[in-house]
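So the chains spell out like this:
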Amino acid sequence: MNLLDISWRSLIAGGVFAAAIPAVAAEQIATRTVAGVDPAELQKMIELNVRPTAIPFPEENPYSVEKAELGKMLFFDPRLSGSNLLSCASCHNPSFGWEDGQPTGAGHGMNRLGRHTPTVLNLAWGEIFMWDGRMDSLEEQALGPIQADVEMAQPLDELIAELQAIEGYRELFAAAFPDQEISEETIGQAIATYERTIVSNRAPFDHWVDGDETAISESAKRGFVIYNTKANCVACHSGWNMTDDSFHDIGLDTDDVGRAAEMNDMPEFKHAFKTPGLRNIVERAPYMHNGSLANLSEVIDHYAAGFAERPSLSDDIKPFELSAAEKDDLIAFLESLSSEDDPVEIPVLPN
Ligand code: HEC
Ligand code: HEC
């Protein structure tokens, strides 16, 4: 059985992937120019975006091929839900950037959920989970939607009994967790291990970062500079995965208090939500915790002038003016963050 896609298998091995990245020679960066931008400043902006060379796995749940393969089965298996109709992938669908393409998804009994389904892409680097940060680890998170009445509505003891009754799962669990029972813990660990392998490939932007001047358009390069300066997106969407993993109120029209519910209603966390990463962002419309913005053009209009002034609004949200050409540049940059990821092979589930 070999379900693992080559690209992330090599990421895990580290060595192969690292070897594939040419070291960025100083003179290559120095030759890069964007009209009107100081080359040293440009270099600083570029250096903050260098991709990591290996996926981090926690000490408590180290990587193994067997765990990741089992986790992939569980992620795609509708038998994890009470109705046997919904899998994690029903909402976190690889075809829609690991989301569902809807403003808010539909759970058990076609129940409309209160929030937009976020992606599970690049979460190996995440430190805190959910729009409001109520979960500390992927292991813990995985057990939530299985049991939630509005999502998969499956009591864990019933799920464990169901999995134990399937010979193929008994074998897969035994291979992934020798000497351990099928349990909440092993289910969570397997799913989390698979999720950590869901990593975006190198995008045209990364090739530019590595020194290939032709990898992205001049427009996208200008957009990168706008992102880092006038539009100040980088204040929150920072680093190679474009997120600070922190919480901000960006002034969306919403009744949802977000992070405040987790933080004793502290006023500064009102309407604050976790900053999503921006890798492969064009695949994931509509946008925001409530799915209220239909496309990237609407997103930029929101940040430039469309936000609500209120006490909890982040200090980093300030109006700015972009010409039509500059807006196109910023969108071209955001588009350059999309990689061609290997097609995800849907696993044949055990019986
Ligand atoms: C019915 C749709 C639905 C199903 C099924 C579902 N999810 Fe989600 N998932 C969501 C929504 C909506 C959120 C955000 C909820 C919130 O933040 O309040 C979410 C959040 C997450 C997050 C947090 C992402 C982040 O950036 O913090 C992870 C990880 C995740 N789900 C994994 C899973 C796994 C694993 C399963 C299967 C065991 C699963 N989901 C099943 C809709 C779904
Ligand atoms: C003050 C921090 C901050 C700044 C500055 C900021 N963002 Fe965001 N961004 C966030 C947060 C937080 C969210 C989620 C908000 C929500 O859903 O309530 C978000 C959401 C997004 C989304 C939707 C992602 C998704 O998966 O739904 C996009 C796209 C985006 N931002 C792009 C940008 C761009 C482009 C800029 C610059 C013009 C920018 N952001 C500036 C914090 C910020």
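Only a predicted model underlies this, so the values are computations on that prediction, with no experimental measurement involved.

Visitor: Explain the coordination of the iron atom of ligand 2 residue by residue, including any values.
Guide: In this structure, His237 (NE2) and Tyr303 (OH) serve as the protein donors to the iron atom of ligand 2, at separations of 1.9 to 2.1 Å. Note that the iron atom of ligand 2 binds 6 donor atoms; their angles at the metal cover 84 to 180°, and the shape is octahedral. One end of the pair, His237, is in the loop between helix H12 (218-228) and strand S1 (247-248); the other, Tyr303, is in helix H13 (residues 296-306), and 66 residues separate them in sequence. A relative accessible area of 11% means that His237 is categorised as buried.

Visitor: Before we move on, can you summarise the UniProt feature "binding site: heme c 2" (unreviewed entry) in the protein with the specific residues and values?
Guide: Feature annotation in UniProt assigns "binding site: heme c 2" (unreviewed entry) to the following positions: Cys233, Cys236 and His237. As for its placement among the helices and strands, Cys236 is situated in the loop between H12 and S1. If sequence neighbours within four positions are ignored, Cys236 has contacts with Thr243, Asp244, His248 and Thr275. In contact with His237, other than residues within four places in its own chain, are Tyr227, Met242, Thr243, Thr275, Pro276, Leu278 and Tyr303.

Visitor: Any details on the site of ligand 1? Residues and values, ideally.
Guide: Lining the immediate environment of ligand 1, one finds 27 residues, of which Cys88, Cys91, His92, Met130 and Lys274 sit closest. Here an oxygen atom of ligand 1 and a side-chain polar atom of Arg115 are 2.9 Å apart. Between an oxygen atom of ligand 1 and a side-chain N or O atom of Lys274, the distance comes to 2.8 Å. Among the elements of the structure, helix H6 (88-91), helix H7 (138-147) and helix H10 (184-196) are those that each provide at least two residues to the shell around ligand 1. Residue contributions to the shell around ligand 1 peak at 5 residues, all from H7.

Visitor: Account for helix H14 (residues 324-335), with residues named and values stated.
Guide: Owing to its 3.6 residues per turn, the α-helix brings residues three or four apart onto one side. In this model, H14 (12 residues) spans 17 Å end to end at C-alpha, consistent with the 16 Å of a helix rising 1.5 Å per residue. Of the positions making up H14, those classed as buried are Lys327, Asp329, Leu330, Ile331, Ala332, Phe333 and Leu334. Buried positions along H14 lie against helix H11 (204-209), H12 and H13.

Visitor: Mind laying out the packing of aromatic side chains, listing which residues take part and the relevant values?
Guide: For the structure on display, the rule yields 14 aromatic pairs. Among the aromatic side chains, those forming a connected cluster through ring pairs are Phe205, Trp208, Phe224, Tyr227 and Phe333. Seen from the ring of Phe247, Arg259 lies directly overhead, with NZ or CZ sitting 4.4 Å from the centre.

Visitor: Residues and numbers for the domain arrangement of the protein, please.
Guide: Domain boundaries in the protein define domain 1 (25-52 + 201-335) and domain 2 (65-196). Buried area between domain 1 and domain 2, summed over both chains or domains, comes out near 1,800 Å², and the portion from carbon and sulfur atoms is 54%. The largest per-residue losses of area from domain 1 upon contact with domain 2 belong to Asp245, Lys274 and Arg284, which jointly make up 28% of the total buried on that side. Applying the counting criterion to the domain 1 and domain 2 interface returns 2 salt bridges. Glu99 is the salt-bridge partner of Arg284, the closest N and O atoms lying 3.4 Å from each other. Applying the counting criterion to the domain 1 and domain 2 interface returns 10 residue pairs in polar contact (both at pLDDT 80 or more). Of the residues assigned to the side of domain 1 that touches domain 2, the class counts are 9 nonpolar, 6 polar and 8 charged.

Visitor: Let's hear about the site of ligand 2: which residues, and what values?
Guide: Of all residues adjacent to ligand 2, which total 26 residues, the nearest are Cys233, Cys236, His237, His289 and Tyr303. Contact distances for ligand 2 include 2.9 Å between a nitrogen atom and a side-chain N or O atom of His237. His289 has a polar backbone atom sitting 2.7 Å from an oxygen atom of ligand 2. Those elements that provide at least two residues to the shell around ligand 2 are strand S2 (273-274) and H13.

Visitor: So what about the side chain of Glu139? Which residues, and what values?
Guide: Topologically, Glu139 is positioned in helix H7. Here Glu139 falls in the buried class, since its relative accessible area comes to 16%. Within the structure, Glu139 has its side chain in polar contact with the side chain of Arg196 (distance 3.0 Å). Apart from the residues lying within four places of it in its own chain, the contact partners of Glu139 are Pro58, Asn61, Gly188, Gln189, Ala192 and Arg196.

Visitor: Describe H13, with residues and values.
Guide: Along H13, the positions that sit buried rather than exposed are Leu296, Val299, Ile300, His302 and Ala304. Buried residues belonging to H13 abut H14. Between the side-chain oxygen at the start of H13 and the backbone nitrogen of Ser297 there is a gap of 3.2 Å, and the oxygen is on Asn295.

Visitor: Explain the coordination of the iron atom of ligand 1 residue by residue, including any values.
Guide: Counting protein donors to the iron atom of ligand 1 gives just one, His92 (NE2), placed at 2.1 Å. Following the sequence through the fold, His92 ends up in the loop between H6 and H7.

Rules of the game
Residues numbered from 1 in each chain as written. Chains lettered and ligands numbered in written order. Predicted model: local features only at pLDDT ≥ 70, side-chain atom pairs only at ≥ 80, totals over all residues. Heavy atoms only, no water. Donors = N, O, S within 2.8 Å, 3.2 Å for Na, K, Ca; no water. Tetrahedral: all angles 85-135°; square planar, octahedral: opposite > 155°, others 65-115°. Helix = DSSP H or I, 4+ residues; strand = E, 2+ residues; numbered from the N terminus. Buried < 20%, exposed > 50% of the residue type's maximum accessible area, 1.4 Å probe, protein only. UniProt positions renumbered as here; feature names shortened; annotations may be inferred. Contact = heavy atoms within 4.5 Å. Near = heavy atom within 4 Å. Polar contact = N/O pair within 3.5 Å; in protein donor to acceptor, adjacent residues only side chain to side chain. Expected span 1.5 Å × (residues − 1). Phe/Tyr/Trp six-rings, centres within 6.5 Å; stacked < 30°, edge-to-face > 60°. Lys NZ or Arg CZ within 6 Å of the ring centre and 35° of its normal. Domains from an automatic or database assignment. Buried area = accessible area lost by both parts, 1.4 Å probe. Salt bridge = Lys/Arg side-chain N within 4 Å of Asp/Glu carboxyl O. Nonpolar A, V, L, I, M, F, W, Y, C, P; charged D, E, K, R; others polar.

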